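What follows is each chain in one-letter form.
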Amino acid sequence: MNGLAFIIQNELYPLENLDKDIVCSEKVYNNDKVCASSFVSVQGDSNSNISDMVRIQFDWRDRPEVITEEDFLFIPETKTLFFRSGNQWAVFNLTNKMTVQHEHAFCHPWLERIGHFVLIEDELDAYLMTLDGQKINSVPIDPPWQRQDFPDRIEYMSPVYGKQTLLFPLM
């Protein structure tokens with residue numbers, strides 16, 4: 001994936017005592033017990049400018065999930081890694097080995113790079129993010145919604161919320 005190699009270990013039990021740089025604990029309500037874990041080792045190649053391996057542990061609280069490389073979006077300019085799973089999304093700074101954002105999602109969000117921005121679409125919300133994972137703006141959407149892309153914005157039409165617009169900041 002664009003300068004990164006992933007080693008992904010999905011387990012049906014909680015992982016303990018592993019050497020990890022980042023822990024991402026699933027955002028669910030009323031459940032503090034970890035039921036399973038996934039462990040991801042991310043290593044950069046010569047094109048990524050990431051020399052250290054970054055180890056991320058994902059703790060599942062609702063139900064075990066199987067994550068794959070398709071659940072990640074790497075932004076080489078900022079060395080930022082976007083992640084999505086069934087009910088959450090997160091952004092990791094691979095240089096500082098830290099979590100930038102971690103949010104609940106309604107249903108398996110979509111990650112997409114659009115020029116100088118990253119779009120995160122969930123079934124109920126759309127977020128426009130900077131390439132380093134800072135939230136620019138967001139709008140509510142509700143299915144069935146339709147999306148139309150323009151050079152300076154993305155418009156959504158939804159029966160519940162009507163027309164909602166994500167404006168791209170001037171660059």
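Bear in mind that the values here come from a model prediction, so they are computed numbers and not experimental data.

Rules and cut-offs
- Residues numbered from 1 in each chain as written.
- Predicted model: local features only at pLDDT ≥ 70, side-chain atom pairs only at ≥ 80, totals over all residues.
- Heavy atoms only, no water.
- Helix = DSSP H or I, 4+ residues; strand = E, 2+ residues; numbered from the N terminus.
- Buried < 20%, exposed > 50% of the residue type's maximum accessible area, 1.4 Å probe, protein only.
- Contact = heavy atoms within 4.5 Å.
- Areas by Shrake-Rupley, 256 points an atom, 1.4 Å probe, with all protein chains shown as cover.
- Phe/Tyr/Trp six-rings, centres within 6.5 Å; stacked < 30°, edge-to-face > 60°.
- Lys NZ or Arg CZ within 6 Å of the ring centre and 35° of its normal.
- Pairing = 2+ DSSP bridges.
- Axes fitted to C-alpha atoms, helices over the stretch in contact; angles between N-to-C directions.

Peer 1: Would you explain the overall build of the protein in this entry?
Peer 2: Helix and strand content of the protein: zero helices and 15 strands. When its C-alpha atoms are laid out on the principal axes, the protein stretches across 50 × 40 × 20 Å. Every one of the 171 residues in the protein was classed for burial, and the buried ones make up 45%. At a minimum sequence separation of 6, the contacts of the protein that also span at least 24 residues come to 50%. When the accessible surface of the protein is summed, it comes to about 8,900 Å², and 50% of that surface belongs to carbon and sulfur atoms.

Peer 1: Help me understand the packing of aromatic side chains, please; the structure alone is not making it clear to me.
Peer 2: Geometrically, a pair of aromatic rings is defined through the distance of the ring centres and the angle of the planes. For the structure shown, the criterion picks out nine aromatic pairs. Measuring from ring centre to ring centre gives 4.3 Å for Phe-58 and Phe-83, while their planes differ by 35°; the resulting arrangement is tilted. Highlighted residues: Phe-58 in strand S4 (residues 54–60) and Phe-83 in strand S6 (residues 80–85), separated in sequence by 25 residues. When sorted by exposure, Phe-58 lands in the same class as Phe-83, which is buried. On the numbers, 6.0 Å between centres and 75° between planes, the contact of Phe-58 with Phe-92 is edge-to-face. A residue pair is termed long-range when its members are at least 10 positions apart, and Phe-58 in strand S4 and Phe-92 in strand S7 (residues 88–93) qualify at 34 residues. Both residues of the pair, Phe-58 and Phe-92, belong to the buried class. It is Arg-153 that lies over the ring of Phe-150; its NZ or CZ is 3.8 Å from the centre.

Peer 1: Help me out: how do you make sense of the sheet that holds strand S10 (residues 117–121) in this one?
Peer 2: Strand-to-strand pairing in sheets goes through backbone hydrogen bonds, with the strands running parallel or antiparallel. Spatially, four strands are ordered S9-S10-S11-S12 in an open sheet, and the strand pairing comes out antiparallel. The open sheet has two edge strands, strand S9 (110–114) and strand S12 (135–140), and neither has a second partner. Between one strand axis and the next, the sheet turns through 20° on average, direction left out of account. Strand direction decides the pairing type here: S10 and strand S11 (residues 125–130), joined by five bridges, are antiparallel. In the sheet register, Val-118 faces S11, and the bridge partner there is Met-129.

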